[in-house]
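# Overview (structure and organization)
Next come the chains, spelled out residue by residue.
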Amino acid sequence: PLASVRVVNMRDEYADEGPDVVISRDLAASIEDRLSRREQVVILLNRRGYSTAVICRQCGDTFDCPNCSISLTVHVARSSGPAQGGHYRWRARCHYCNYSVMVPKACRKCAAPYLEHTGFGTEKVEQHLRDRFPDARIGRVDRDSVRRKGALSSLLSRFAAAELDILVGTQMIAKGHDFPGVTLVGVISADVGLGLADFRAAERTFQLLTQVSGRAGRGERLGEAVIQTLYPEHYSVRLACSQDYVAFFDKE
């Protein structure tokens, strides 16, 4: 049978818990339940990196790519990782042309020390999960984590062998995988693709949600999907939850 689907309205979550929520209360409770039963969890966010933009709170300057005129995505600098005292070194990178620059401690335009990281990607989700579930074994699959040859197959093999409890990733983990131990799929920011200037945005969102929901409950145990979204009433989200292809086609 198809996984049962629960939709979490993140507008309510932000109203109750504040604007920095990454993992909703519903999803956190479901993850805790699966870990206690030694079952596996897949968490999808189709956006890599740590945060999606850097903005100066004083002058409003943003870190944009000089070649592509889009916001640079912030990553934890690979060479160092977490530094002493819990501080990080940040590198801002363009996902189109790969231009990158280290994020300074002060604004390049007005020299104010009020640089703020906004939005979040898979790296931040992984960090939140490690903080929230310190005993869980967690892996991440995105273009940054599997650049090394053989890294992807190694991670997926470890997950298949139940050496990992939670797998976080982009659309790379959404389709074609069969992990019988997975009984919960969590989708962070299910509507991340709806804001793209693309006439197929709703279709791609519908595809991704139906595909990733199908990763749960492929073994003997029933599966569940928890979908976090700001737009629970949007037809692509609503119809993906019920896997209603015909109604989606008619709406399109």
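Below is a summary of the structure that appears in this document. This one's a predicted model, so the numbers in the text were calculated from it and none came from an experiment.

### Side note on the sheet that holds strand β11 (residues 224-229)
With respect to topology, six strands assemble into an open sheet ordered β1-β11-β10-β2-β9-β8, the strand pairing being parallel. Strands with a single pairing partner mark the edges of an open sheet, and in this sheet they are β1 (4-9) and β8 (138-141). Strand after strand, the sheet turns through a mean of 15° between neighbouring axes, direction not considered. Sheet topology places strand β2 (residues 40-44) next to strand β9 (residues 166-169); four bridges connect them, and they run parallel. Each bridged residue has a counterpart across the sheet, and for V41 the counterpart in β9 is I166. Seen against the sheet, helix α1 (residues 10-17) touches β1 and β11 and runs at an angle of roughly 50° to β1.

### What about the sheet that holds strand β4 (residues 73-76)?
Taken together, three strands build an open sheet; the order of strands is β4-β5-β6 and the sheet is antiparallel. Looking along the sheet, the strands with just one partner apiece sit at the ends: β4 and β6 (100-102). Between one strand axis and the next, the sheet turns through 30° on average, direction left out of account. Inspection of the sheet shows β4 paired to strand β5 (residues 90-93) by four bridges, in the antiparallel sense. Paired with V74 across the strands is A92, a residue of β5.

Cut-off values and rules
- Residues numbered from 1 in each chain as written.
- Predicted model: local features only at pLDDT ≥ 70, side-chain atom pairs only at ≥ 80, totals over all residues.
- Heavy atoms only, no water.
- Pairing = 2+ DSSP bridges.
- Helix = DSSP H or I, 4+ residues; strand = E, 2+ residues; numbered from the N terminus.
- Axes fitted to C-alpha atoms, helices over the stretch in contact; angles between N-to-C directions.
- Contact = heavy atoms within 4.5 Å.

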